[in-house]
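Observations on the three-dimensional arrangement
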There are 2 protein chains.
Amino acid sequence: MRAVYAAGVGMMLFGRKDELTLVDMMADVGLKAMDDAGLGDRPVDAVYVGNMASGLFNHQVSVASALVDRLNLMPAAADRIENGPASGGSAIKNGFLAVASGYADVVLVVGGEKMREVIGPKATDVVACMTHMEAEYIYGVTLPAMAGLFARLYMEKYGVTREHLAMVAVKNHKNGMLNPYAHIQMEISMEGIYSHPQAHVNNPVIADPIHLYDCCPVSDGAAALLLVSEEMAKELDAKPVVIAGVGQATDTHTLQERSDPTDLKAVRIASEKAFSMAGITPGDIDVAELHDAFTILEIAESEHAGFFKKGEGAKALADGKTRLGGSLPINPSGGLKARGHPVGATGVAQAVELVWQLRGEAGERQVKKAKNGFSLNFGGFGNNVVSLVLRRV
Amino acid sequence: MRAVYAAGVGMMLFGRKDELTLVDMMADVGLKAMDDAGLGDRPVDAVYVGNMASGLFNHQVSVASALVDRLNLMPAAADRIENGPASGGSAIKNGFLAVASGYADVVLVVGGEKMREVIGPKATDVVACMTHMEAEYIYGVTLPAMAGLFARLYMEKYGVTREHLAMVAVKNHKNGMLNPYAHIQMEISMEGIYSHPQAHVNNPVIADPIHLYDCCPVSDGAAALLLVSEEMAKELDAKPVVIAGVGQATDTHTLQERSDPTDLKAVRIASEKAFSMAGITPGDIDVAELHDAFTILEIAESEHAGFFKKGEGAKALADGKTRLGGSLPINPSGGLKARGHPVGATGVAQAVELVWQLRGEAGERQVKKAKNGFSLNFGGFGNNVVSLVLRRV
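Residues numbered from 1 in each chain as written. Chains lettered and ligands numbered in written order. Predicted model: local features only at pLDDT ≥ 70, side-chain atom pairs only at ≥ 80, totals over all residues.

1. Structural notes on the interface of chain B and chain A
What counts here: Placing a C-beta atom from the backbone of each residue, one calls two residues in contact when those atoms lie within 7 Å. The helix and strand labels rest on DSSP assignments: H or I over at least four residues marks a helix, E over at least two residues marks a strand, and numbering proceeds from the N terminus. When DSSP locates at least two bridges between a pair of strands, those strands are taken to pair.
Each partner contributes residues to the interface: chain B has 49 residues there, and chain A has 49 residues. Elements that contribute at least two residues to the side of chain B that touches chain A include exactly helix H2 (54-58), helix H3 (63-70), strand S3 (77-82), helix H4 (87-100), strand S8 (241-250) and helix H11 (265-278) of chain B. For the side of chain B that touches chain A, the leading source of residues is S3 of chain B, giving 6 residues. Looking at chain direction, strand S3 (residues 77-82) of chain A and S3 of chain B are connected through 3 bridges and run antiparallel. The partner of Glu82 of chain A across the bridge, within S3 of chain B, is Arg80 of chain B.

What follows is the structure, given as structure tokens:
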């Protein structure tokens, strides 16, 4: 396989974007990524769009064709890639394969989702459309409900507490304060969301033991990455970041069918594949972006990806290892918790953050001397996971 | 790039399938393709699902993850590929790249759509969601309406007549009679749909000059293709068909923005790419499956793909060149017109037909000594097209 470079990135402030369409947002970040790479008028060979549910959120399909038209990139090939909340990660994987195979030299990957076009609970319903139709959805299972069940099991088995969950939220909100693109730029305190006698007012139960501040917001947004061949990277004099490892793995659709529902097999396998391809181990990673759609997931993923032993993720968090300045900063961007989670955009936004970190362009949230970055994009409830290793070369 | 073999195919009778879910249908054809290849218990590395609108048709997303679970293929990577009506073609392209790059040795590609879960006109609305939201959809433009506009222009410019359109329908219904998987297995005559004084009763106007029998039916269905590396093809002792050429190209989203709306640029470019990769010319093709969602498209595509000069497709049709036994049989399967058009399934079903033709397994509709096959999957109204060349080796 040929080497694949991340030559340009594009990002926007996530949030509620009533004034922009999905295609408006994707065009904005796509242009930024091409500009960032200095692509000029060189042709783009292919466009990959990561998007979960433009049909249900925006009553629109074929958004990749719409984006190519808006950006005037015809006759570039264009496909939309859907893998639930890991649509962005899957779009990067397929863009990677297009370059790695020799089929394309310049590939624009854009992740985007406009979720707030539907009203309130409808967004939760659309997200629940990724669950098992006959075994979960028809019984009213939602993603927050699954996170509640999973968190409860994890607490019982590994001694994780509600205080640990709150620590993830506080850390990631704090990081988000340093990220000008974060949807939620608001510092929160342990007192405010956990220890104050009135904390339950600020931070009500959503699906016990998951509280409001354990959940990512519902966001609109898009992010983009320009992938190029080595030869094109030289021509562009691109800042040197490569996609060094790409892993993807699936698990049973339902939590209930897993012999141990606290075992996130797909996270483990996808991450092992990415590390093996990159020729490194988890200990070589300097900065990680994990999929904290719910706080419990950051803790569980940090273990299953191999950064901490099983059951020791919460302790590592409490010890400060995962904060900025710790031995392995996790979610310096603020993660899904603070940056927001426009579903199809997330996997690409994670990679954008890693590119900035590896280039030394992450401003106040810069992780010093970062050489290897890792991202984990978690589809379904861990049933389809994409892990990436990015490296400064 | 590594050689990519089509080692197995799976197909089902298209039609109205109230008793099956989308995942039921995809699992059925997926199993058939693996059985056909004699895969046994060898692992599948990746699954690609071509599907346009499971969200809007079936209120479901992440159908690739659902399929992997149903087929018990975990931890195989799984992505859904969406490119409107060319979703199946795009799924094959991305599966091809996964094998060609060396990232995967065994890839299952499944196309499927369950359109008849929604009622009557709602299906036409869902299909119209692929049009330009601001320039077409909000004005009520549907795909049959676009086909009407396109057909009228083509008639004026190239002397195509309503009789020519009816000839496509009659030919493809006749071929469909020989295909046990065709949704519409019903012979029709020129008299019945065109020349009889009461023909307008049998064949009413849909969007002038497009009549009922110029349109493909609304179908449920799925089709599958197992792609493998050369080494795996040897191990499986696979019947020798390779994916020799893959081309994809885009054009403006709207018809109205094209300097000549009768010029299907994306068809031309995608097909040239496929032929160039396969190292052959259109004259080397023995059998073709074109995207006759509307009869006019078969004529126009047969010209833009390079089989006939511009403006001579209708004459070639009238001369019998494109019927079974002619110099270039087009749509021996019955095409979208008779086999049916479960949107995401179509590109894969076209490839399945080519594999059977190249293996000499097409029964009564066999094209003699077919060595090179061509398929064209037409997304949007020609704004995102995938062309394939399959070859017996």
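2. Points about the nonpolar core
The following threshold applies: By convention the nonpolar core is taken to be a set of buried residues drawn from Ala, Val, Leu, Ile, Met, Phe, Trp, Tyr and Cys and joined through C-beta atoms within 7 Å. To assign burial, the other C-beta atoms lying within 10 Å of each residue's own C-beta are counted, with C-beta atoms placed from the backbone; 20 or more indicates buried, 12 or fewer indicates exposed, and intermediate counts indicate partly exposed.
Val47 and Leu67 of chain A together with Val47 and Leu67 of chain B are the most contacted members of the largest nonpolar core, which totals 301 residues. For this core, the element with the most residues is helix H15 (residues 343-359) of chain B, which contributes 10 residues. Not counting the four nearest positions on each side in its chain, Val47 of chain B is found in contact with Ala64, Leu67, Val68, Leu73, Ala76, Ala78, Leu108 and Val110 of chain B.

3. What about the packing of helix H4 (residues 87-100) of chain A against helix H15 (residues 346-359) of chain A?
Residue and element names in this part refer to chain A. Basically, it comes down to this: Simply put, an axis is a line fit to the C-alpha atoms, just over the touching stretch for a helix, and the angle between two N-to-C directions goes from 0 to 180 degrees. Orientation labels follow simple angle bins: below 35 degrees gives roughly parallel, above 145 gives roughly antiparallel, 65 to 115 gives roughly perpendicular, and whatever is left gives oblique. Gly is put with the polar residues, along with every residue not named as nonpolar or charged; the nonpolar set is Ala, Val, Leu, Ile, Met, Phe, Trp, Tyr, Cys and Pro, and the charged set is Asp, Glu, Lys and Arg.
Orientation of H4 relative to H15, taken along the N-to-C sense of each, is 65°, at an axis distance of 5 Å. Our classification of the angle between H4 and H15 gives roughly perpendicular. Here Ser87, Gly88, Gly89, Ala91 and Ile92 of H4 lie close against H15, whose contacting residues are Thr346, Gly347, Val348 and Ala351. Taken together, the residues of the contact of H4 with H15 sort by class into 4 nonpolar, 5 polar and no charged.

4. Brief notes about the environment of Pro85 of chain B
Residue and element names in this part refer to chain B. Checked against the element boundaries, Pro85 lands in the loop between S3 and H4. Between the C-alpha atom of Pro85 and that of Met186, which follows or precedes it by 101 residues, the distance is 24 Å. The residues contacting Pro85, other than those within four sequence positions of it, are Met52, Ala293, Val343, Thr346, Phe378 and Gly379.

5. Remarks on the relation of the copies chain B and chain A
We count it as follows: To superpose the copies, least squares is applied to the C-alpha atoms of every residue with a pLDDT of at least 70 in both.
Screw-axis analysis of chain B against chain A gives a translation of 0.0 Å along the axis, an RMSD of 0.0 Å, and a rotation angle of 180°. With respect to symmetry, the two chain copies, as superposed, fit the operation of a two-fold axis. Using C-alpha coordinates, one finds that chain B approaches the rotation axis most closely at Ser101 of chain B, a distance of 2.0 Å. By residue overlap, the copies meet face to face through one surface: 100% of the interface positions of chain B are interface positions in chain A.

6. Looking at the pairing of strand S4 (residues 106-114) of chain A
All names here are of chain A. With respect to burial, S4 is a largely interior element, 9 of its 9 residues being buried. Every second residue of S4 is oriented toward a common face, with Val106, Leu108, Val110, Gly112 and Lys114 on one face and Val107, Val109, Gly111 and Glu113 on the other, all of them buried. As defined by bridge partners, strand S2 (residues 46-50) adjoins S4 across 5 bridges and the pair is classed as parallel. Note that in S4 the partner of Gly50 across the bridge is Gly111. Both S4 and strand S7 (residues 220-229) contribute to a ladder of 9 bridges, which runs antiparallel. Looking at S7, one finds that Val110 is bridged to Ala224.

7. Quick look at the environment of Gly245 of chain A
All names here are of chain A. Looking at the secondary structure, you find Gly245 in strand S8 (residues 241-250). A residue is classified by how many C-beta atoms lie within 10 Å of it, and Gly245, with 22 of them, is buried. Note: C-alpha distance between Gly245 and Phe374 (129 residues apart in sequence) is 9.0 Å. Ignoring anything within four residues of it in the chain, the contact list for Gly245 reads Ala274, Phe275, Met277, Ala278, Leu388 and Val389.

8. Notes on unusual backbone geometry
Residues and elements named next belong to chain A. The linkage connecting Met74 with the following residue, Pro75, adopts the cis geometry, with an omega of 5°. Mapping Pro75 onto the fold places it in the loop between helix H3 (63-70) and S3. Backbone geometry places His59, a non-glycine residue, at a positive phi of 50°. Structurally, His59 can be placed in the loop between helix H2 (54-58) and H3. With phi around 55°, Asn331 is a residue other than glycine that occupies positive phi space. Structurally, Asn331 is set in the loop between helix H13 (313-318) and helix H14 (335-339).

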